[in-house]
Structures are given as C-alpha cells and as structure tokens.
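# Structural overview for review
Next come the chains, spelled out residue by residue.
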Amino acid sequence: MLGLMQHQPLLISSLIEFAERHHGEGEIVSRRVEGDIHRYTYKELGLRSRKLAQALSAQGLAQGERVATLAWNGYRHLELYYGVSGSGCILHTLNPRLHPEQIAWIINHASDAVMCFDMSFLPIIKAIHTQCPTVKLYVALCDADKLPADSGIPNLVSYEAWMGGRTGVYTWPAFDENLASSMCYTSGTTGNPKAALYSHRSTVLHALAGSLPDALNMSARESVLPVVPMFHVNAWGLPYAAAMTGAKLVFPGPAMDGKSVYELIESEKVSFAAGVPTVWQMLLGHMQANTLRFSTLKRTVIGGSACPPAMITAFNDIYGVEVLHAWGMTEMSPLGTVCTLKNKHLAMSPEEKMKVRLKQGRGIFGVDMKIVNGMGDELPWDGNSAGDLLVKGHWILSEYFQGEGGGLLADGWFPTGDVATIDADGYMQITDRSKDVIKSGGEWISSIDIENIAMAHPAVAMAACIGMKHPKWDERPIVAVLKKPGMEVTREDLLAFYEGKTAKWQIPDDVVFVDAIPLGGTGKMQKSKLRAELADYVLPDLR
Ligand code: AMP
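Reference entry: report on the structure contained in this document. Note that the coordinates shown come from a computational prediction; the quantities given were computed from them, not determined experimentally.

Glancing now at helix 11 (residues 277–289). Its 13 residues give helix 11 an end-to-end C-alpha distance of 18 Å, which sits within 8% of 18 Å, the value for a rise of 1.5 Å per residue. Among the residues of helix 11, those classed as buried are P277, T278, V279, W280, L283, L284, H286 and M287. The elements touched by buried residues of helix 11 are helix 10 (258–267), strand 12 (272–275), strand 13 (299–302), helix 12 (309–318) and strand 23 (460–470). Looking one or two residues past helix 11, T291 carries a phi angle of roughly 40°, positive in sign.

Moving on to the nonpolar core. With 146 residues, the main nonpolar core has Y82, M115, W280 and F294 as its most contacted residues. Look past the residues within four positions of M115 in its chain and what remains in contact with it is A68, L70, L94, I107, I125, V135, L137, Y138 and V139.

For the rest of this paragraph, the subject is the site of the ligand. If you check the shell around the ligand, you find 15 residues, and the closest are A326, T330, Q360, D418 and R433. Within the side chain of T330, an N or O atom sits 2.6 Å from an oxygen atom of the ligand. Protein contacts shield 92% of the accessible area of the ligand, which totals 500 Å² for the unbound molecule. Class assignment of the residues belonging to the shell around the ligand gives a composition of four nonpolar, eight polar and three charged.

So, about the side chain of H232. Among the secondary structure elements, H232 is positioned in the loop between strand 10 (223–226) and helix 8 (233–236). With near-sequence residues (within four places) excluded, H232 lies in contact with T522 and K524.

Moving on: the packing of aromatic side chains. Given two aromatic rings, one states the distance between the centres and the angle between the planes to describe the pair. By the definition in use, this model includes eight aromatic pairs. Geometrically, the ring pair formed by Y262 and F294 is tilted, given 6.0 Å between the ring centres and 40° between the ring planes. In this pair, Y262 sits in helix 10 while F294 sits in the loop between helix 11 and strand 13, placing the two residues 32 residues apart along the sequence. A centroid spacing of 6.2 Å and a plane angle of 85° characterise the contact between W280 and F315, whose relative ring orientation is edge-to-face. Taken together, the positions of W280 in helix 11 and F315 in helix 12 put the pair 35 residues apart, joining distant regions of the chain. Note on accessibility: W280 and F315 belong to one class, buried. Between the NZ or CZ atom of K194 and the centre of the ring of Y400, over which it lies, the distance is 5.1 Å. One residue, K501, lies across the ring of F497, its end atom 3.7 Å from the ring centre.

It is at 8 Å that the axes of helix 1 (residues 12–22) and helix 3 (residues 75–86) come closest, and there the two elements cross at 125°. The pairing of helix 1 with helix 3 is recorded here as oblique in orientation. The way helix 1 lies across helix 3 gives a crossing that is left-handed. Listed contacts from helix 3 to I12, S13, L15 and I16 of helix 1 are Y81, Y82, S85 and G86. Residue composition of the contact of helix 1 with helix 3, by class: five nonpolar, three polar and no charged.

Here F414 is to be found in strand 19 (residues 414–422). Residue classification places F414 among the buried positions, given a relative accessible area of 2%. The contacts of F414, once residues within four sequence positions are left out, are M329, E331, L389, L390, V391, I396, L397, Y400, L408 and L409.

Right, let's get into the sheet that holds strand 4 (residues 90–93). One open sheet accounts for seven strands, arranged 7-6-5-3-4-8-9; its pairing is mixed. Only two strands of the sheet have a single neighbouring strand rather than two, namely strand 7 (156–158) and strand 9 (195–199). Within the sheet, the average angular offset between the axes of one strand and its neighbour, ignoring direction, is 25°. Bridge count for strand 3 (residues 66–70) against strand 5 (residues 112–117) is five bridges, and the pairing is parallel. Paired with A68 across the strands is M115, a residue of strand 5.

Moving on, we get to the pairing of strand 12. A two-sided burial pattern is seen for strand 12, the buried positions comprising F272 and A274 on one face and A273 and G275 on the other. Where strand 12 meets strand 13, four bridges bridge the pair, whose relative direction is parallel. Within the sheet, the bridge partner assigned to A273 lies in strand 13 and is T300. Note on the crossover from strand 12 through helix 11 to strand 13: the handedness is right-handed.

All of the buried residues along helix 15 (residues 491–498) are L494, L495, F497 and Y498. Around the axis of helix 15, the buried residues are gathered within 150° of arc, so they sit on the same side. Elements that come into contact with the buried residues of helix 15 comprise helix 14 (447–455), strand 23, strand 24 (474–483) and strand 25 (510–513). Phi turns positive, to about 80°, at G500, one or two residues after helix 15.

Rules used in this analysis
Residues numbered from 1 in each chain as written. Predicted model: local features only at pLDDT ≥ 70, side-chain atom pairs only at ≥ 80, totals over all residues. Heavy atoms only, no water. Helix = DSSP H or I, 4+ residues; strand = E, 2+ residues; numbered from the N terminus. Expected span 1.5 Å × (residues − 1). Buried < 20%, exposed > 50% of the residue type's maximum accessible area, 1.4 Å probe, protein only. Contact = heavy atoms within 4.5 Å. Core = buried A, V, L, I, M, F, W, Y, C linked by side-chain atoms within 4.5 Å. Near = heavy atom within 4 Å. Polar contact = N/O pair within 3.5 Å; in protein donor to acceptor, adjacent residues only side chain to side chain. Areas by Shrake-Rupley, 256 points an atom, 1.4 Å probe, with all protein chains shown as cover. Nonpolar A, V, L, I, M, F, W, Y, C, P; charged D, E, K, R; others polar. Phe/Tyr/Trp six-rings, centres within 6.5 Å; stacked < 30°, edge-to-face > 60°. Lys NZ or Arg CZ within 6 Å of the ring centre and 35° of its normal. Axes fitted to C-alpha atoms, helices over the stretch in contact; angles between N-to-C directions. Parallel < 35°, antiparallel > 145°, perpendicular 65-115°, else oblique. Left-handed = near helix turned anticlockwise from the far one by under 90°. Pairing = 2+ DSSP bridges. Right-handed = clockwise from strand over helix to strand, strands pointing away. Arc of directions from axis to C-beta.

And the structure:
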C-alpha cells in the first residue's frame, strides 16, 4: 500500500521560492568586483533570478544546456545559481585559477553554450574565446556602460542589459528532480579534469542535511560568509542552505585577503564563516599583526584540506571561535563529515576535546562510510586501523560526466582516494591522500601529521611533507617550510621541535625552506608541483 502523501519534486527553484516568500527581507550583501558593497534581499534575488531565466529561454536554450560561470562570490553569481538551474539548464561553475588552456579544454568538454564572467576574467575570455566553438553567447557580469567596446569577443553582452529589461513574470518549470542542475570539474591533479554532475534532488537533500545542527547549523539568525568560492563545489552548498533557512548571506567578491575578510565579518556581523585553511591563515595573520578581535563571529567551518591543530587552537583559545572541521570532496557535493561533539565529550578536558576536534568528524545522515584494506576487507572502527575510505549516499556521484574514469563504484561504494581511520564513535580522521602517504621501511607515515607538528611552530606559516626515494627505506619524509614574514627558525631547531611529538622514525630527515608552497586553484597544496620543484633534491644521508 502506498502512502497517501503529496509528492513534489525536490527542485532548486523551490529554495528560492521559499526564501522569497518566507524570508523576503533576508539580506544578501556582496563586495563587488567594482569595489563597492552591494546589498539587496531574497525578494530581489528571486525577481532577478526569474528575469535571468526569461533571458535564457529567449536565448533559445533547451533543458540540460550548460551555462558556464567564471565568477567570484557575489549576488550576480547567486542569481545564476538559481536562474540557470531553476529554468532547467545546467550551471557549470569554472575555476578561474586554472590555466586558460585548461579552462578552454573544460569548456569544450562540457559543451558550454553560454559563458558568464566577471570583468576580472576578461583577459581569460580574450585568450580562449577562439578555441571555444560551442559558446554562443558571452555575458559580462556588469552594467551596460562597463562593457568594453573593442574586446574582439563576438556575441558579447552585459548581464544587466541582457536580463535587466525582462518582466520577471515567469513560473519556474516543474520537472523530474533527478535532472542535472549543476556541474563542477575536479581539481584534476592527475590527468584531465573530470566532472561531477549534481542533480536537483541531490542538491536539495545535501542542503537539508548540511543545515542540520550537527552539520553547519544554519538558521535565519545566522549571518553567513562563504569565503569558499562558489566555483569550488557550489561553495559547499551554502548558497542553497542559506535560502532554505533564510540565513543572511555575505559574499567577499575577489577580496579574500585578511584585512578585507576581517572588515566584512565585522561590518556585516558575520556569525558563521566557511573556508579552506589557507584563507584563515591570512585572516589570523592580519588579526595577530593588528591585535584585533571578533565581535560577532561564533563558528567557522574549515575543510578542503586538513586543518592544522594550531589553527583550531588559535581560533578557539585566542578568539573564542568554534572551529568545525569538515571533510568532503567535489564528488560528494561536497559534505561528508563534520566534526561536532557528542554529549559524552562535553565533560572531557580541553586537551581531550581537542583530540576529537582534530578529526574530520562524523558522517551526516545521507552519507555512509567504510574503510577497507588492500584486499577490500572492511577494517574495524577502532580509531587505529587505517584504510582506503569508501563512501555512499544521496549526494555522492555514481559516475563522472560522459563516463570518464569508467566503472567507479565498488559494490555501490565510491572510493575517495583518501586513507582514514574511524573510531568507535564514528569519528573519521584522514591520515593522508593515498598518493601522498609516505611509505618508509614497510610502515606508513602520515604526511598530515608531520605537517601539523611543523605548523605548531610559531615561525612556520605553511609546511608540506613529501616522501623522497631512499634505497634502504623506500621513502623518507622531508618537510618544505614557508616561514612567517619576519620570523626565523633554523633547520636544526625545527627538527628538534619534532622530538617527543612523534615516533623517532617518523621525524623528517630534512627541512627545506622555500619561498612559496605551490597551491592549486582551490587552495590545496600541490605536492606534485613541489615534488617537481625538488626534483634535484638529495636526502642528507645520500649526499
Ligand atoms: P576537492 O574535490 O577538490 O574538494 O578535494 C577533495 C579532497 O580534499 C578530499 O578527498 C581530501 O583529500 C581533501 N580534503 C578535504 N577536506 C579535508 C580535510 N578536512 N582534511 C583533510 N583533507 C581534506
């Protein structure tokens, strides 16, 4: 017997309809590429998203056609999130930090029909437009009078002229919730990038689960600052979760330096912020240098790469801000785990609580996890056994766009490429990317552990641990270190700093000071590049 309840497809348009009706006055504040601060409401967001949908259908775009963006976090990008997906087209957020050649490759692979870009990225468009035959229309996200007259780009219009003249009288179409809504290419550290293709259903369910109190705890009382880019896995779903809960949204635009982010947090009374560790490093550096304090920030979610313990401590002890360590990936929409405490932890000492907080966290409803050994046998949840981490759930991809990568799922489980432990309470801790684990004398050394120790030294801004070939041990770890400006530490001091903090055989063989640690488009350390830069390096005992 079937239940007798109404069925409504879970569509992205339902989020903006809800926000417009129930949180019409809710604020959306953006620092613009133009430099000023723009503010409006969910009501205006709804209206302009419908105007955009009208412009898309006037363009003759059919359901499922791709509309690409090269844009910072801001209100126009948010309108594209709703207008494009809501109308049945697919929003394709491109990472502008990639090499232009790679961007052109991705545009062609996705067969993007329309390209919407912030004026900061005009040079990229100028460089690649001749290589992108599928793009029928270029839309510069600016007012008509800011459009360059002699760009040489055919079919170029200004966003405001293109959609501004529409009436906004438009009914969001109803369709199957399983249709694709947006797509995002993975960082592509090996081979060509591959795309995750999200559906309306997966996106809405992800926003629902991500808003729960033990996840990101979204509500109409929060002022939320997604510093994580909207081109990086839909800014971790925050633009959707905010509309679902009526939270105020604050967008940093292109200004992600410590000073600009701090000013925005204070002026917009931000209570919750989200970003990768490298962004918070800049913010904390600025605050330390200027002896600043937060007046409203209560929580920050940090993910994308391992959050160093020193950062969690600094936020917590000095600034009174709770850090939620979270883990996920492009293929997971991205939320997999968030580290929030259970009742049993509340009575623990601060040191014991910190041990829990350092982990990447518990699975949220909708995501299941397991760890397996090389034979595929499941390993126990004892907090010690480390194995390949597999996941499955409602917002985890079943295969890549255009079948890239072949049959992915082992018995319905997606292999994340991460190595992890899971403890008896279900808290998962990433020990490494499987390709970054250092294999020394038949044992594994977690590069993250080695980096975290170096990062706890007051003179270290960033540390990257990589394995170097060794004839006897197979590999030995070394750590590349970027010093904080004006601070000094010697190789010997830093090696001594490791004493007592990890097993002797795990202490790196050497410290190499570098002027920069290569970062990828989403702020992750690019160890492959670092390895290439250190190609001529020889370990001390082999010299
Ligand atoms: P991306 O798809 O670019 O978001 O990258 C996903 C990968 O980033 C994951 O598979 C992890 O290797 C890494 N990652 C994400 N969050 C964390 C975290 N909190 N700690 C350690 N690694 C992380």
